[in-house]
Amino acid sequence: MTETASSTDLATLVAAKLCHDFISPAGAIVSGLDLLNDPSAQDMRDDAIGLIDQSARKMVALVHFARVAFGAATTSERFDGRELQTLVAGMTDGGRAVVDWRVEDRAFSKPQARALVNLGYLTAAALPAGGTAVIASRIDGDVLVLEGVAEGARARLKPEAAVGLSGRPLTEGLQGQWIQPYWLWLTVHEADGSLDVAADEGRVVLTARMPL
């Protein structure tokens, strides 16, 4: 991909990522339905219903998150902090990271909301072995500052994520692990903002600055 990825390239990669994310809960729902329809597996009926319920809820959480994180497929022009917290929680609940949400309960524009939910998710994703992901916001003059701090024993950014967060094209590695970090960088920069990344042993900090 070039330094200025085309709309077609980005759409293709975002679509591929969404398909990858949706296939797991969708497949689990089908597996649960197969168990319900299997006469020899009636003793597993409760397990099947539990699997379907959990997977369906995950699918709904993915859809709600994706509508804000990857596009503008919503009639809302502004989002409040609690609404965005719910979207991020739907993606991170059940994971190893503990999310400490310290975002002001205020209205966020579409670009700000898109940046915030992606930043929140990527901060939690930087803690594969667990830890605390603090997601915060503050106003600095005429600038909105969004910050994600991941602290844990193995806090880290995958190489593809580091490349995407810097706005650079991916030359090798997995595009699926590059597109969402790049999408965050692109969202911030298209809003005339900046994205800073600091990664040290056991600590990753993502800081987005966007005009109000």
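Calculation notes
Residues numbered from 1 in each chain as written. Predicted model: local features only at pLDDT ≥ 70, side-chain atom pairs only at ≥ 80, totals over all residues. Heavy atoms only, no water. Salt bridge = Lys/Arg side-chain N within 4 Å of Asp/Glu carboxyl O. Helix = DSSP H or I, 4+ residues; strand = E, 2+ residues; numbered from the N terminus. Buried < 20%, exposed > 50% of the residue type's maximum accessible area, 1.4 Å probe, protein only. Phe/Tyr/Trp six-rings, centres within 6.5 Å; stacked < 30°, edge-to-face > 60°. Expected span 1.5 Å × (residues − 1). Bend = angle between axes of the 7 residues up to and from the residue. Contact = heavy atoms within 4.5 Å.

1. Points about the pattern of salt bridges
Here is step 1: One pass over the full model with this rule turns up six salt bridges.
Here is step 2: Taking the shortest distance from any N to any O, the salt bridge between arginine 57 and aspartate 53 comes out at 3.2 Å. Of this pair, arginine 57 and aspartate 53 both sit in helix α2 (residues 45-69), separated by four residues, roughly a single helical turn.
Here is step 3: Exposure remark for arginine 57: the relative accessible area of 57% places this residue in the exposed category.
Here is step 4: Given a relative accessible area of 39%, aspartate 53 falls into the partly exposed group.
Here is step 5: Salt-bridge contacts for arginine 203 lead to glutamate 151; the nearest nitrogen and oxygen are separated by 2.9 Å. Separated by 52 residues along the polypeptide, arginine 203 in strand β7 (residues 203-211) and glutamate 151 in strand β5 (residues 143-151) bring together distant segments of the chain.
Here is step 6: You can call arginine 203 partly exposed: its relative accessible area is 35%.
Here is step 7: The class for glutamate 151 is partly exposed, based on a relative accessible area of 42%.

2. A look at the packing of aromatic side chains
Here is step 1: Here the structure, examined in full by the defined rule, presents four aromatic pairs.
Here is step 2: When the centroid spacing of 5.8 Å and the interplanar angle of 50° are considered together, the rings of phenylalanine 65 and tyrosine 121 count as tilted. You can see phenylalanine 65 sitting in helix α2 and its partner tyrosine 121 sitting in helix α4 (residues 110-125), a full 56 residues away along the chain.
Here is step 3: For the ring pair phenylalanine 70 and tryptophan 183, a centre distance of 6.2 Å and an interplane angle of 45° mean the geometry is tilted. Of this pair, phenylalanine 70 sits in the loop between α2 and β1 (78-80) while tryptophan 183 sits in helix α6 (residues 179-190), and the two are 113 residues apart along the sequence. Of the two residues examined, phenylalanine 70 and tryptophan 183, each falls in the buried class.

3. Considerations on helix α1 (residues 7-36)
Here is step 1: With 30 residues, α1 ought to run about 44 Å at 1.5 Å a step, and its terminal C-alpha atoms sit 43 Å apart, in line with that.
Here is step 2: Where α1 bends most, at isoleucine 23, the angle is about 35°, and the proline proline 25 comes one to four residues later.
Here is step 3: When we look at burial in α1, the residues that qualify are Leu10, Leu13, Val14, Lys17, Leu18, Pro25, Ala28, Ile29 and Gly32.
Here is step 4: Contacts from the buried residues of α1 go to α2 and α6.

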